[in-house]
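Okay, here's what each chain looks like letter by letter:
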Amino acid sequence: MIELKDTCKTYQTKNIETLALRGISLQIEKSEFVSIMGPSGCGKSTLLHIMGLLARPGEGAVYLEGEKINSYRDKDVARLRNQKIGFVFQSYNLIPDLNVIDNVEIPLLYRSVSGKERRKLAAEALEKVGLSARLRHFPTELSGGQQQRVAIARAIVGRPKILLADEPTGNLDSKMGDEIMDILEDLQQLENTTVVMVTHDEEKARRCQRIVRMFDGQLVH
Amino acid sequence: MIRHIFTMMWNRKKSNSLILLELIVTFLVMFSLIALLIYNFRLFNLPIGFTANDNWTITIDTDEPLDSNVFTGLREYTEPTAIINIRDEAMQVLRQINGVKALHTINSLPFTTGGLTTGAYRNGQTEFVGVMLVSEGMPADIGMKLIEGNWFSQEDTGQDWRSAVISKSLRDSLFGNEPVLGEEITSTPSSNANLRRYRVVGVFDQFRKEGEFAEPRHYMFLRDPLIGERAAFNLLSSFSLLMITEGVNSGEFEQQLYTNLSALQSSLPIVRFSINPWERLQREHYIENVSPIIAMGIVVAFMIMLVGFGLFGVLWQNVIQRTREMGVRRALGATGSSVRKQITLEMVVLGLFAVAIGFVIVVQLPISGYVEALEWSLFWSSLVVSSISLLCLCAVCSLYPSWSATKVDPVEALHYE
Ligand SMILES: Nc1ncnc2c1ncn2[C@@H]1O[C@H](COP(=O)(O)OP(=O)(O)O)[C@@H](O)[C@H]1O
Ligand SMILES: [Mg+2]
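Cut-offs applied
- Going along each chain's sequence as written, the residues are numbered from 1 onward.
- Written order determines the labels here, with chains lettered from A and ligands numbered from 1.
- Whole-chain, interface and lining totals are the exception, using all residues; otherwise, since this is a predicted model, local features are given only for residues with pLDDT of at least 70 and side-chain atom pairs are given and counted only at 80 or more.
- Note that water and hydrogens are dropped before the side-chain values are worked out from all heavy atoms of the structure.
- Runs of E in the DSSP output that reach at least two residues are strands. Runs of H or I that reach at least four are helices, and both are numbered from the N terminus.
- Contacts are assigned to residue pairs with any non-hydrogen atoms lying within 4.5 Å of each other.
- Exposure above 30% relative accessible area and the absence of a salt bridge qualify a residue for a patch, where like charges join within 9 Å and nonpolar side chains (Val, Leu, Ile, Met, Phe, Trp, Tyr) within 5 Å.
- A 1.4 Å probe and the Shrake-Rupley method give the accessible areas. Residues count as covered only by the protein chains that appear here.
- Should a side-chain nitrogen of Lys or Arg be within 4 Å of a carboxyl oxygen of Asp or Glu, the pair is scored as a salt bridge.
- We treat two strands as partners when DSSP finds at least two bridges between them.
- Between N-to-C directions, angles span 0 to 180 degrees; the directions come from axes that are lines fitted to C-alpha atoms, helices contributing only their stretch in contact.
- A 1.4 Å probe rolled over the protein chains alone gives each residue an accessible area, and that area as a share of the maximum for its type sets the label: buried under 20%, exposed over 50%, partly exposed in between.
- To pair, rings of Phe, Tyr and Trp, with the six-membered ring standing in for Trp, must have centres within 6.5 Å; the planes then decide the type, stacked if under 30 degrees apart, edge-to-face if over 60, and tilted in the middle.
- Each ring is checked for a lysine NZ or an arginine CZ that lies within 6 Å of its centre and within 35 degrees of its normal; such an atom marks a charge sitting over the ring.

A. The environment of Lys-30 of chain A, seen in detail. All names here are of chain A. Assignment of secondary structure puts Lys-30 in the loop between strand S2 (16-28) and strand S3 (33-37). In the structure, Lys-30 is positioned 158 residues away from Gln-188 in sequence and 9.9 Å away in space, judged by C-alpha atoms. Residue contacts for Lys-30: discarding those within four places in its chain leaves Met-1 and Thr-194.

Printed below as a string of structure tokens:
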């Protein structure tokens, strides 16, 4: 499904050069549920961004369903991201000026989907995360767990094959965190979505099929 | 997408209402200037009905006492013989100058306001009319176009009516499609002692004595009976002559004229004289009317520039504030161009709202009739031009901000918590 080959990434800030990824090769199969663990700053988010086509690798190749993405134009990458990948962030990143259902609709705005269809799909996605009763609420009127559920609904509204979650439970208490894990698990098991999740929580990581460990920009075996 | 943008804008109404207010004020200012420009441009493009080239008005003041008893406007009175003599002598001398093609009497300077006026009544309708008192042949000599009948001749000599040649506009409003030649117009409806009667002998196309920038008005030409019974209308202690030249260098000619008139001044009781080439009067008329427009245009251009900078700043600020939103959209699959489209569309929609609200405000002007010159056709054309200008301003001001929005890197934008 996703394959990285000798991927490197350096961040260049004023006078410091940070080597965030140092030659990572990793293969993620279809419908796998993988968690990525490692200490803070070891490059987990960077890895997830590259897998999610949000950032381009400095060196190495990225394959999505067997196709090499490196040379794609930004426009085509955006299209792939829109159609194949769902993203969930630690800090939810909902748009505060839009209510729940409008937030969930966003990915569909960038495809040719009619307004009516958008509403329907968004309502379905929200039902899956158990938030059908909150369609007209604004993000600030929701708890953290509810906001993260909205974010998941937004990530899955376009039925992506891949869901990437960067510490989705990091800001939540353990009960809310477990609810989020249940949703992710259901998605993987019932809809065959490939799920890659970054977490600090050993217990949650153990609910996945595979744990990938990182240290200082490299995989640890 | 449009609906999404409306939702977004509605939810952000607080910050949008400020931009909207700014846009409305800009629209109102633009509308006023553009209406003024179109108004003047249209006036300027209307023919004035005569040519200014080669015409000179010479006004001569004499020291003859002003007899207020005989001043009754257009009513005939016998001119003091002293003045008649001075005028005849002056004309004799001036006619002999090289390059003078014709010499006429005239009662008023072109490209200036003022002059004689009268009411023109017929069939229950009265119009307000400017009157020119000129000698025979003068209208044709300044290039006026006759479209019906004849220029006046001496047929009204000794009659209780005057033969009049009227403008097409007066003909249209008093007579419509009815025949006009030989018909009578009076100065007032009631037949009191001051009633003056005019018999229409001809119709001319257009005469705009006040110049290109004045609203056209009705005019009526009457014969100043220079030759014949020697009665004049409003010539008091001074009189004006119209000199039509041919193939002269105007600088040299004016010098020559000055010399001749100075010589005349020493032999006749002439207090002062002034020479006014029509071309100069026309030029002064242009300057007088165009300068305030240019001044206002500069002020408005400056203001629009400031507003533009303001809009630009507000929009840019808006984009910076929403960097995170743009990052989220990019992460969810928006392309750079769809983000740019969103920002530009938001701005243009705001512009459209401003135009709509501005329309509701400015449409009161022609409805109420408060600003007389702003009739409907001027209103609509000004509206269209100012709306397009405002929308262009919106689009231009959102060019850079929307471009910078496309440069938002989703990872960077979402990095900061
Ligand atoms: N946008 C950035 N600019 C500069 N350095 C960055 C940027 N993002 C991440 N880094 C650096 O790259 C390294 C890896 O970061 P990250 O992938 O966020 O780690 P993790 O998610 O595992 O905490 C860190 O040292 C971090 O400081
Ligand atoms: Mg991280």
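B. Representation of a nonpolar patch on the surface. Judged by side-chain polarity, Phe-302, Met-305, Leu-306 and Phe-309 of chain B come together as a nonpolar surface patch covering roughly 450 Å² of accessible area. Checked against the element boundaries, Leu-306 of chain B lands in helix H7 (residues 278-321).

C. Spatial organisation of the sheet that holds strand S13 (residues 270-277) of chain B. All names here are of chain B. Spatially, 4 strands are ordered S3-S12-S1-S13 in an open sheet, and the strand pairing comes out antiparallel. Either end of the sheet is taken by a strand with one partner, and the two such strands are strand S3 (100-106) and S13. Mean inter-strand twist for the sheet, computed between neighbouring axes without regard to direction, equals 20°. Two strands pair when backbone bridges link them, and S3 and strand S12 (residues 238-245) are joined in this way by 6 bridges, in the antiparallel orientation. By the bridge assignment for S12, Ile-106 is matched with Ser-240. Contacting strand S1 (55-62), S3, S12 and S13, helix H6 (residues 250-267) runs over the sheet at an angle of about 165° to S13. Contacts between H7 and the sheet are confined to S1, S3, S12 and S13, with S13 contributing the most and set at about 70° to the helix.

D. Region of the structure containing the pattern of salt bridges. In the structure shown here, the tally under the stated rule is 37 salt bridges over all chains. Ionic pairing is found between Glu-179 of chain A and Lys-175 of chain A, a salt bridge with its closest N-O pair at 3.3 Å. Of this pair, Glu-179 of chain A and Lys-175 of chain A are both found in helix H6 (residues 174-191), 4 residues apart, which corresponds to roughly one turn of the helix. By relative accessible area, which is 59% here, Lys-175 of chain A ends up exposed. Where Lys-168 of chain B meets Asp-172 of chain B, a salt bridge forms, and the shortest distance between an N and an O atom there is 3.0 Å. Of this pair, Lys-168 of chain B and Asp-172 of chain B are both found in helix H5 (residues 168-175), 4 residues apart, which corresponds to roughly one turn of the helix. With relative accessibility at 34%, the residue Lys-168 of chain B sits in the partly exposed group. The exposure class of Asp-172 of chain B is partly exposed, given its relative accessible area of 38%. The network of salt bridges with shared partners includes Asp-178, Asp-182, Glu-185, Asp-201, Lys-204 and Arg-207 of chain A.

E. Fine view of the packing of aromatic side chains. Residue and element names in this part refer to chain B. Under the definition given, this model contains 25 aromatic pairs over all chains. When the ring centre of Trp-10 is taken as reference, the NZ or CZ atom of Lys-13 above it lies at 4.4 Å. The lysine or arginine in question, Arg-199, covers the ring of Trp-161, its NZ or CZ lying 4.3 Å from the ring centre.

F. Here's a closer look at unusual backbone geometry. One non-glycine residue with positive phi stands out, namely Asn-192 of chain A, at about 60°. A positive phi angle, near 50°, is found at Asn-123 of chain B, a position not held by glycine. Relative to the assigned elements, Asn-123 of chain B resides in the loop between strand S4 (116-122) and strand S5 (125-134). Taking the relative accessible area as the measure of exposure, Asn-123 of chain B reaches 65% and is therefore exposed.

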